[in-house]
Amino acid sequence: MKFKELYLSPKYYVVGVGEETGAGVIAVTITSVAWREIYFRLTDEELASARADVHALDDLAERLAVDKGQRFDVDRLLAP
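The rules behind the values
Residues numbered from 1 in each chain as written. Predicted model: local features only at pLDDT ≥ 70, side-chain atom pairs only at ≥ 80, totals over all residues. Heavy atoms only, no water. Helix = DSSP H or I, 4+ residues; strand = E, 2+ residues; numbered from the N terminus. Rg over C-alpha atoms; globule rule 2.2 N^0.38 Å. Buried < 20%, exposed > 50% of the residue type's maximum accessible area, 1.4 Å probe, protein only. Areas by Shrake-Rupley, 256 points an atom, 1.4 Å probe, with all protein chains shown as cover. Lys, Arg positive; Asp, Glu negative; His and termini not counted. Charge placed at Lys NZ, Arg CZ, Asp CG, Glu CD. 1 Å grid on protein atoms, 1.4 Å probe; cavity = no way out; pocket = protein on both sides within 12 Å on 5 of 7 lines; lining within 4 Å. Points joined across faces, edges and corners; volume = space filled by probe spheres on them. Nonpolar A, V, L, I, M, F, W, Y, C, P; charged D, E, K, R; others polar. Arc of directions from axis to C-beta. Pairing = 2+ DSSP bridges. Contact = heavy atoms within 4.5 Å. Axes fitted to C-alpha atoms, helices over the stretch in contact; angles between N-to-C directions. Salt bridge = Lys/Arg side-chain N within 4 Å of Asp/Glu carboxyl O.

## Re the overall build of the protein
Per the secondary structure count, the protein includes two helices and five strands. When the elements of the protein are put in sequence order from the N terminus, they spell out β-β-β-β-α-α-β. The globule rule puts the C-alpha radius of gyration for 80 residues at 12 Å, and the 12 Å found for the protein is close to it. If you line up the protein on its principal axes, its C-alpha atoms span 30 × 25 × 20 Å. The burial tally for the protein puts 40% of its 80 residues in the buried class. Surface accessibility of the protein: about 5200 Å² in total, with carbon and sulfur atoms responsible for 53%. Considering the protein, the positive charge centre built from 10 side chains and the negative charge centre built from 14 side chains are found 4 Å apart.

Written as structure tokens, this is what we have:
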């Protein structure tokens, strides 16, 4: 997925804006034997919060990393 990076968190996630869509994106790094990134759509409000406070999405990123889009955040998943 191509997006313009706005913020790289030390908590293993990146917030950005999709190059083609202009929509907010959060890329969560799943730390395991083989590290990988999973991409999720952000709401306009979440993106605005991230721009105002770089730590605003820490809790969301942690929840997304735990769930991996398998149960609660399936509707947010984006193709890699």
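## A closer look at the layout of surface pockets
It is a probe the size of a water molecule, rolled over the atoms, that shows where empty space is left. Size it by volume and the largest pocket reaches roughly 160 Å³. Every residue lining the largest pocket is listed: Lys11, Tyr12, Tyr13, Val28, Thr29, Ile30, Thr31, Asp58, Asp59, Ala61, Glu62 and Ala65. Listing elements by their share of the lining of the largest pocket, those giving two or more residues are β3 (24-30) and α2 (58-67). Of the residues that constitute the lining of the largest pocket, the class distribution is six nonpolar, two polar and four charged.

## Description of helix α1 (residues 44-52)
Think of an α-helix as turning once every 3.6 residues; residues three or four places apart then point the same way. If you check which residues of α1 are buried, you get Glu46, Leu47 and Ala50. One face of α1 carries all of its buried residues, which in axial projection span an arc of 100°. Exposed and oriented more than 90 degrees from the buried face of α1 are Asp44, Glu45, Arg51 and Ala52.

## Comments concerning the sheet that holds strand β2 (residues 13-18)
Read from one edge to the other, the open sheet built from five strands follows the order β1-β2-β3-β4-β5, with strand pairing classed as antiparallel. Edge positions in the sheet fall to β1 (3-9) and β5 (77-78), since each has one partner strand and no second. Direction of pairing for strand β4 (residues 36-41) relative to β5: antiparallel, over a ladder of two bridges. Directly across from Phe40, in β5, lies its bridge partner Leu77. Sheet contacts for α1: β1, β2, β3 and β4; angle to β2, the most-contacted strand, approximately 120°. Across the face of the sheet, α2 comes into contact with β1, β2, β3 and β4 while running at roughly 55° to β3.

## Digging into the pattern of salt bridges
Counted under the stated rule, the structure contains two salt bridges. Here Lys11 ties to Asp58 by a salt bridge, and the two come within 3.7 Å at their closest N and O atoms. Remark: Asp58 occurs in helix α2 and Lys11 occurs in the loop between β1 and β2; sequence separation between them is 47 residues. Relative accessible area serves as the criterion here: at 54%, Lys11 is assigned to the exposed category. According to the relative accessible area criterion, Asp58 is buried, its value standing at 13%. Note that Arg76 is salt-bridged to Glu46, the shortest N-O span being 2.6 Å. Taken together, the positions of Arg76 in the loop between α2 and β5 and Glu46 in helix α1 put the pair 30 residues apart, joining distant regions of the chain.

Any link to function would need more than the numbers given here.
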